[in-house]
Protein chains: 2
Amino acid sequence: MSVKKVNKTKIIEPKILKGFRDSLPNQEIPKRKIINKLERLFTTHGFVAIDTPALEYTEVLLGKGGGETDKQIFHFEDNGGREVALRFDLTVPFARFLAAHYNELALPFKRYHINKVWRGEKPQKGRFREFYQCDFDIVGADNAEADFEILSMMNTSFNKLGINNYTFCVAHRGLFNAFLTHFEVIDDSVEILRIVDKLRKIGEEEVKKQLIDVTKSEEKANAILSYITKLDNEGFLETLDRLSKLAGGEEEHTTRMKDIYNYLVSEGIEKHFTFDSSITRGLDYYTGIVYETFLDDLPSFGSVCSGGRYNNLASLYTKQELPGVGSSIGLDRLLSALEELDNSVIGKSSYSDVVIFNEDNTTYAYGNKIATALREEDLRVDHYLLKKKLNQQFKYAETNQIPFGIIIKDYDEAHHTFSLKNLNTRESFESININEAAKLIKQGL
Amino acid sequence: MSVKKVNKTKIIEPKILKGFRDSLPNQEIPKRKIINKLERLFTTHGFVAIDTPALEYTEVLLGKGGGETDKQIFHFEDNGGREVALRFDLTVPFARFLAAHYNELALPFKRYHINKVWRGEKPQKGRFREFYQCDFDIVGADNAEADFEILSMMNTSFNKLGINNYTFCVAHRGLFNAFLTHFEVIDDSVEILRIVDKLRKIGEEEVKKQLIDVTKSEEKANAILSYITKLDNEGFLETLDRLSKLAGGEEEHTTRMKDIYNYLVSEGIEKHFTFDSSITRGLDYYTGIVYETFLDDLPSFGSVCSGGRYNNLASLYTKQELPGVGSSIGLDRLLSALEELDNSVIGKSSYSDVVIFNEDNTTYAYGNKIATALREEDLRVDHYLLKKKLNQQFKYAETNQIPFGIIIKDYDEAHHTFSLKNLNTRESFESININEAAKLIKQGL
């Protein structure tokens, strides 16, 4: 395939689609940093990478045979007449993947998946039609240990990304369902879940109004409201106790939540977790613990990491029972948040740690030797490629946020020395060697 | 968006599209290893990451206003009535990106881009409709230093991936064009490039036949054949000299190639490079040096890394001159090759370095502490999540190719010891501590 030559005078406008964007280095460098940190974290915890096609059969992604297709999906008929669509999340493809491959995998199966998804939503601030998701799940273990491991991974992720102030709001869908059954609110429970889920957005009064609409009972609406309302100064286990009683002395889910909490205490991370019974996640496939994550310093930002336990996710594609628990980080949203928080881990999007200047191509081969030696010290080294005046090269370094420069104009090849310049402080270090330079650069980063 | 509930008895077949595939951990783990190694290499050489949308306007990707659309492209009309297509390479989007953003960038601009592309080609062995490409380019420097830097990066890439036997076949399109002009073969030069490019595939005789068809001259066909035929025992500079003479004593491109070669010698990597004047790359946007890469141990595998210099790539989208040089690695093809070569760097696709067994959940919290400590030693540690018999857990470790296991059944929490088992040799190490375990595991990996 090749670019077709067109009439030389006709320039095609280099426009991109609404809701899509180029990722320039100052966005892509921090994003790659986050992805690499998370990937390192997952692999050290026994989670393994998978990938699935960006394009799948529409009926497989939407879980239905035909008829009306969701407008939020990019879908089309391919050249072979197949109805195909771009994946809109990493959860549905994972369910399909499990149904197709569970025989080839040893359970419990712990996977992570970091890649793009596409949605035809109306673009708005912070919402794009193409974005990265980062999912991690454990399938084949329905116990407190698996639930805890996902929560612990979430906590470690936030630590590794240098985020200090965050709250994991957790609840239990099984317990909530037991409560609804106990109160004989059995119809339209999905509708109730979705109303409750909006508590943060629309407030108590509106939630109550909508609950009355659905339950046709002010008493039931009040009962639900009292279940989902957080009490001040109530600890995790106290809330659990109270909700358990409201659910008629429910035992199974209550015990599970107690076990999970004990593991959090044993790991010393319980302070980041709060029981928030208004969390339901809206989606009907959740059956156990559910959670959302809020950044304490950006309270209105919304959840940046959510998920829960689902015991029947793959049931659309297989009769095999595959209970799972998992979590999903919206990477692009998290990146925006980290930028707003001036996060130190993603830090500056400097292109390199040091640039070797090049006023005279006769020093180019020698400069390459310096570059190679500094790269072996794990430094990111750029070598300027044009014969230009030094002030133009300084400008290049400034635009690319490179903090150090090496000048080898009057170099002494016999002694292998050169001078190093801290481009921020303007400090110069004359006639130094590789080891000295590496040390100074590392100190200054 | 949520998965719609369907009639419980109807199972949707978890099928995927022809030419697409799931990437299971035993494929995805080595692929991630390759990507991470290359990414580390690029960033230490001053190359920065960018990304572009998977979906673009069809006319932007195909470089034309309308009419017949290439059948190899996945294209469709989106919900907003726009003609859109999935990118089929990373070169065209880069040209569009440069035209849109060159004002925001400091030149020379060195970028890498590793991501998926899609083509509707007929699927066949080793050819898929979705695959990863890895491109790296330098834009804004038309000199031997930039050409050399790309060649040097290619060489370092192969080193870092543990590939020892490879040959970079290089040629110069400018020199070839000078030769054609000198021989008054000026019409249909693109057609001639494509015929010459097939020499490896179709052989000398068929190339000659096709060249006669196009040039209408056996003399010219013979001249071209003598230009593109490699002579035994002829060194790089000798070939260059001979070709330069065939091109009527051409100077500019000859000097460039000499300078590049001198840098290769100065870096001590010239033995991997051979002048192969039959390399043309077929595409009409190349203007200078061109290259393909062959694995000496898989001679029929075809090129795994190709590219060249183009001085007008972005001219479809801007009047700004943006000379560039770059290279593209077909990651999925390279991965297949490395698997065939039993490459040591991608190595085994083990899920973890060690698994902590779990016969009894009462040791789970203690096991977590061991896991955390070993992870701080940079080890990949899995913690088995179910209460199962040890032989079933051994089986899990075997399927996931995990070489070490830790047993804490009879653990002594006061002394923090446990036993370690080498699952390949069946050797056991009793009552050891974290440091001892970390050392033994690292030795055994």
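Residues numbered from 1 in each chain as written. Chains lettered and ligands numbered in written order. Predicted model: local features only at pLDDT ≥ 70, side-chain atom pairs only at ≥ 80, totals over all residues.

**Structural notes on the overall build of chain A**
Argument step 1. On a plain count of helices and strands, chain A comes out with 14 helices and 16 strands.
Argument step 2. In terms of principal-axis extent, the alpha carbons of chain A reach across some 90 × 60 × 45 Å.
Argument step 3. Taken across its 445 residues, chain A has 48% of its residues classed as buried.
Argument step 4. Restricting to contacts in chain A with at least 6 residues of sequence separation, those with at least 24 account for 68%. (Helix = DSSP H or I, 4+ residues; strand = E, 2+ residues; numbered from the N terminus. Buried ≥ 20, exposed ≤ 12 C-beta atoms within 10 Å, placed from the backbone. Contact = placed C-beta atoms within 7 Å.)

**With respect to the sheet that holds strand S9 (residues 289–295) of chain A**
Residue and element names in this part refer to chain A.
Argument step 1. Taken in spatial order, the eight strands of this open sheet run S1-S5-S6-S11-S10-S9-S7-S8, and their pairing is mixed. Each of the sheet's edge strands pairs with one partner strand only, and the pair in question is strand S1 (48–49) and strand S8 (273–275).
Argument step 2. Two elements, strand S10 (residues 305–310) and strand S11 (residues 324–330), share six bridges in a ladder whose sense is antiparallel. Pairing of Ser306 across the sheet is with Ser328, part of S11.
Argument step 3. Where helix H1 (residues 25–44) meets the sheet, its contacts fall on strand S5 (109–118) and strand S6 (130–139), and the angle it forms with S5 comes to roughly 160 degrees. (Pairing = 2+ DSSP bridges. Axes fitted to C-alpha atoms, helices over the stretch in contact; angles between N-to-C directions.)

**What about the interface of chain A and chain B?**
Argument step 1. The interface is formed by 93 residues belonging to chain A together with 93 residues belonging to chain B.
Argument step 2. Here the residues of the side of chain A that touches chain B are counted per class, giving 46 nonpolar, 21 polar and 26 charged. (Nonpolar A, V, L, I, M, F, W, Y, C, P; charged D, E, K, R; others polar.)

**What to know about the pairing of strand S16 (residues 428–432) of chain A**
Residues and elements named next belong to chain A.
Argument step 1. In the sheet, strand S15 (residues 417–422) pairs with S16 via three bridges, with the strands oriented antiparallel. Looking across to S16, one finds that Lys421 is bridged to Ser428.
Argument step 2. Between S15 and S16, which pair antiparallel in sequence order, lie five residues; one of them, Arg426, sits at a positive phi of approximately 70 degrees.

**Remarks on the relation of the copies chain A and chain B**
Argument step 1. Under the fitted operation, chain A is carried onto chain B by 0.0 Å of movement along the axis and a turn of 180 degrees, and the coordinates agree to an RMSD of 0.1 Å. Look at the turn and shift together and you get a two-fold axis relating the two. Taking C-alpha positions as the reference, the residue of chain A nearest the rotation axis is Phe76 of chain A, at 3.1 Å.
Argument step 2. An overlap of 99% is found between the interface residues of chain A and their copies at the interface of chain B, pointing to a shared contact surface. (Least-squares fit on C-alpha atoms with pLDDT ≥ 70 in both.)

**Here we look at the packing of H1 of chain A against helix H4 (residues 144–160) of chain A**
Residues and elements named next belong to chain A.
Argument step 1. At a closest axis distance of 10 Å, the pairing of H1 and H4 adopts a crossing angle of 140 degrees. When the interaxial angle is binned, H1 and H4 end up oblique. Along this stretch, H1 crosses H4, giving a crossing that reads as right-handed. Touching Lys37, Leu38 and Leu41 of H1 are Thr156, Ser157 and Lys160, all from H4.
Argument step 2. Residues of the contact of H1 with H4, tallied by class, amount to two nonpolar, two polar and two charged. (Parallel < 35°, antiparallel > 145°, perpendicular 65-115°, else oblique. Left-handed = near helix turned anticlockwise from the far one by under 90°.)

**Quick notes on the sheet that holds strand S7 (residues 166–172) of chain B**
Argument step 1. Taken in spatial order, the eight strands of this open sheet run S1-S5-S6-S11-S10-S9-S7-S8 (chain B), and their pairing is mixed. Only two strands of the sheet have a single partner each, and these edge strands are strand S1 (48–49) and strand S8 (273–275) of chain B.

**Considering helix H3 (residues 91–101) of chain A**
All names here are of chain A.
Argument step 1. Within H3, nine of the eleven residues are buried, leaving the element largely enclosed by the surrounding structure.
Argument step 2. Considered for burial, the residues of H3 that qualify are Thr91, Val92, Pro93, Phe94, Ala95, Arg96, Phe97, Leu98 and Ala99.
Argument step 3. Buried-residue contacts for H3 involve strand S2 (55–57), helix H2 (58–62), S5 and S6.

**Points about helix H12 (residues 364–376) of chain A**
For an α-helix, the turn length of 3.6 residues means that residues three or four places apart are oriented alike.
All names here are of chain A.
Argument step 1. Compared with the 18 Å implied by 1.5 Å per residue over 13 residues, the 19 Å span of H12 between its first and last C-alpha is a close match.
Argument step 2. Listing the buried residues of H12 in full gives Tyr364, Gly367, Asn368, Ile370, Ala371 and Leu374. When H12 is viewed along its axis, its buried side chains cluster within an angular range of 165 degrees and face the same direction.
Argument step 3. At the exit of H12 stands Asp378, carrying a positive phi of roughly 70 degrees. (Expected span 1.5 Å × (residues − 1). Arc of directions from axis to C-beta.)

**Focus on the environment of Ala223 of chain B**
Argument step 1. Following the sequence through the fold, Ala223 of chain B ends up in helix H8 (residues 218–228).
Argument step 2. The spatial distance from the C-alpha of Ala223 of chain B to the C-alpha of Phe179 of chain B is 9.5 Å, given a sequence separation of 44 residues.

**Considering the confidence of the model for chain A**
Residue and element names in this part refer to chain A.
Argument step 1. Here chain A averages 91 in pLDDT, and 94% of its residues register 70 or above.
Argument step 2. Taken together, the stretch residues 1–7 has pLDDT below 50 and engages in 17 contacts with residues farther than four places along the chain or on a different chain.
Argument step 3. The ipTM, which scores confidence in the relative placement of chains, is 0.92 for this predicted complex, and the corresponding pTM is 0.93. (pLDDT = per-residue confidence, 0-100.)

**Overview of unusual backbone geometry**
Argument step 1. In this structure, the amide linkage connecting Leu107 of chain A to the following residue, Pro108 of chain A, adopts the cis form with an omega of -5 degrees.
Argument step 2. Its place among the elements puts Pro108 of chain A in the loop between H3 and S5.
Argument step 3. Here Asp378 of chain B, not a glycine, exhibits a phi torsion of approximately 70 degrees, which is positive.
Argument step 4. Tracing the backbone shows Asp378 of chain B in the loop between helix H12 (364–376) and strand S13 (381–383).
Argument step 5. Residue classification places Asp378 of chain B among the exposed positions, given that 11 C-beta atoms sit within 10 Å.
Argument step 6. The phi torsion at Gln401 of chain B lies on the positive side, around 55 degrees, for a residue other than glycine.
Argument step 7. By secondary structure assignment, the location of Gln401 of chain B is in the loop between helix H13 (390–399) and strand S14 (404–412).

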